[in-house]
Amino acid sequence: MSRRWLVLAILCASLLLVSVDATVLHMALPALAEDLRPTAGGQLWIIAIYSLVAAPLLLAFGTLGDRYGRRRILVLGYVVFGLASLACAWAPNVAVLLAARAALGVGGAMIMPATLSLLRQAFPDRAERQKAIGIWSGVAGSGAVLGPLLGGFLVETFSWHAAFLINVPVMVVAIPLTYWLIPESADPPDGPWDVLSALLAASGVIGIAFAIKQTPHGGTMFLLGPVAGLLGCLLLVAFVRRQRRLPVPLLDVTLFHDRAFSVAVSSVLLVLTSLVGLGLLFAQYLQLVLALEPMPAALRLLFVMASAVIGSVIAGPLLQRFGNRLTTVAGFAVSAVALAICAAGLTATENLWLLGPVLTATGFGVSISLTAASDALLAAAPAEQAGAAAAVEETAYELGAGLGVTVLGSIATLIYTTSLPGAATQARDGLTEATIAAAELPPEAGSRLLEAARAAFVTGLRGALVVGAVLFALAVIAAARALPKTKESHDDDRP
């Protein structure tokens, strides 16, 4: 086997771990919640803080890799990721777990841009790179689906602590393999690394993410969300203006003048927001509404994983045959239609004839379209900006993942709360709390409470599915308007 394909193997293994950790708690959350007793908002933060911390740091670590060595940042990420995993596993309370999950996000932010930028260096040929990106995208999508499956298995076999401990031996093995397989790669510019630019970018993303997380909850802190969002937007404007003035910018913002690059980034953001948010809600639906054990529930998600793998294998040939525009539009359109059908037919009783095709179509469509988006993004960026370009895409991935849990979770929670009958006050904090409260009531009263809570949750999930379908539809429109139309245009590569 060629060395570059071995490099792809270790990069995909690294990406798999980071992708898995974004969703591994989806099946483990009920067990974790029973042990540590976080509030409904605390549960969303436990899931979302990993992505919301990683997202604003990706650009900083991507550009540091360009300057000081991509392999060096990758290995440092392994160390941080492993230590943070140990801290998560032995967290005695919610506060410690949140801090450790945030540190896990820092490690993930070091790892993620390196995997895509090193892939660019390992595969300079466009045709080979398309195949490699297809595998990379399949691993990214599969990791998001494998997370709940792995989490379900570990919780059922051991405990929720094992969902974090599984990372440690992999990190120990990955470090020497990385030094053996992957040569150092860097393209340092002439000027210094601009710390102020990194702080502006990170602070701006954090402000916007916090606003989306906080605003839907209202209460006495309601104004804090809009203020943080406005401040975040102003900081990002200042970041862009500073990049235009600097002789050696942290990020060449002229990359966004390329319509294909901009559409690729926005499509990834929209789709990941939909995909990851719905993944968490489906995990809760399978366990708390259909009353499945973690492992049987996780096995239902194999439909997505299998179809994502198939999509990643055929994405390269499809790109070469049909070009970016048709491939991307078709993938997103399939996913949008699948979610709309699911929203129309979902009930509180299991229906594999509905879930199976819907999950299969969604995984297949997303895998193909995200491969096309990644290919367009890397082709638009010059080699010396590989880490920055990869960091922009990974920021869209992670911010989309964090916002998906936040936005779709908040929408589903709002609909859930308003759909409950007035008497079901014990269930208003969430379906997990409703399940605990029902167990403490007389059998008949507990059964009525659970039935009302499950019906309300299904109503909320339907609303989230509609929003997800709309996000996919927006990605279809953006791709149809801006991506290259023909395969000849698609095959043009920047030097």
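Everything below is about the structure shown above.
Q: Which parts of the structure should I look at to understand unusual backbone geometry?
A: Both trends apply: most residues other than glycine have a negative phi, and most peptide bonds are in trans. For arginine 37, which is not glycine, the phi dihedral falls at a positive 55°. Locating arginine 37 in the fold gives a position in the loop between α2 (25–36) and α3 (40–68). Judged by its relative accessible area of 57%, arginine 37 is exposed. The phi dihedral of alanine 291 is positive, around 60°, even though this residue is not glycine. For alanine 291, the position within the fold is in the loop between α11 (259–289) and α12 (294–300).

Q: Would you explain the nonpolar core in this entry?
A: Generally speaking, a soluble globular protein has its nonpolar side chains buried in company with each other. Leu278, Tyr285, Leu286, Leu461 and Leu465 are the most contacted members of the largest nonpolar core, which has 147 residues in total. Looking at this core, the element that brings in the most residues is α11, giving 18 residues. The contacts of leucine 278, once residues within four sequence positions are left out, are Leu339, Leu408, Leu461, Ala464, Leu465 and Gly468.

Q: Help me understand the pattern of salt bridges in this model?
A: A side chain with one charge may pair with a side chain of the opposite charge, provided their charged atoms come close. Applying the stated rule across the entire model yields three salt bridges. The shortest N-O distance in the salt bridge between arginine 70 and aspartate 66 comes to 2.7 Å. The class of arginine 70 is buried, set by a relative accessible area of 1%. For glutamate 444, the salt bridge is made with arginine 448, and the minimal N-O distance between the two is 3.2 Å.

Q: Looking at this model, I keep getting lost on the packing of aromatic side chains. Mind explaining?
A: How two aromatic rings sit relative to each other is given by the distance of their centres and the angle of their planes. Applying the stated criterion across every chain yields a total of five aromatic pairs. Ring plane angle 50° and centroid distance 6.4 Å describe the contact between phenylalanine 332 and phenylalanine 472, whose orientation is recorded as tilted. Of this pair, phenylalanine 332 sits in helix α13 (residues 302–345) while phenylalanine 472 sits in helix α17 (residues 443–482), placing them 140 residues apart in sequence. Side by side, phenylalanine 332 and phenylalanine 472 carry an identical accessibility label, which is buried.

Q: Can you walk me through the packing of helix α4 (residues 70–89) against helix α5 (residues 94–122) in this structure?
A: To characterise two packed helices, one gives the angle between the axes of the helices and the distance between these axes. α5 packs onto α4 with a crossing angle of 155° between their chain directions and a minimal axis gap of 8 Å. Here α4 lies roughly antiparallel to α5, going by the angle between them. Considering only the axes of α4 and α5, their crossing is left-handed. Split by residue class, the contact of α4 with α5 holds 18 nonpolar, six polar and three charged.

Reading the values: rules and limits
Residues numbered from 1 in each chain as written. Predicted model: local features only at pLDDT ≥ 70, side-chain atom pairs only at ≥ 80, totals over all residues. Heavy atoms only, no water. Helix = DSSP H or I, 4+ residues; strand = E, 2+ residues; numbered from the N terminus. Buried < 20%, exposed > 50% of the residue type's maximum accessible area, 1.4 Å probe, protein only. Core = buried A, V, L, I, M, F, W, Y, C linked by side-chain atoms within 4.5 Å. Contact = heavy atoms within 4.5 Å. Salt bridge = Lys/Arg side-chain N within 4 Å of Asp/Glu carboxyl O. Phe/Tyr/Trp six-rings, centres within 6.5 Å; stacked < 30°, edge-to-face > 60°. Axes fitted to C-alpha atoms, helices over the stretch in contact; angles between N-to-C directions. Parallel < 35°, antiparallel > 145°, perpendicular 65-115°, else oblique. Left-handed = near helix turned anticlockwise from the far one by under 90°. Nonpolar A, V, L, I, M, F, W, Y, C, P; charged D, E, K, R; others polar.

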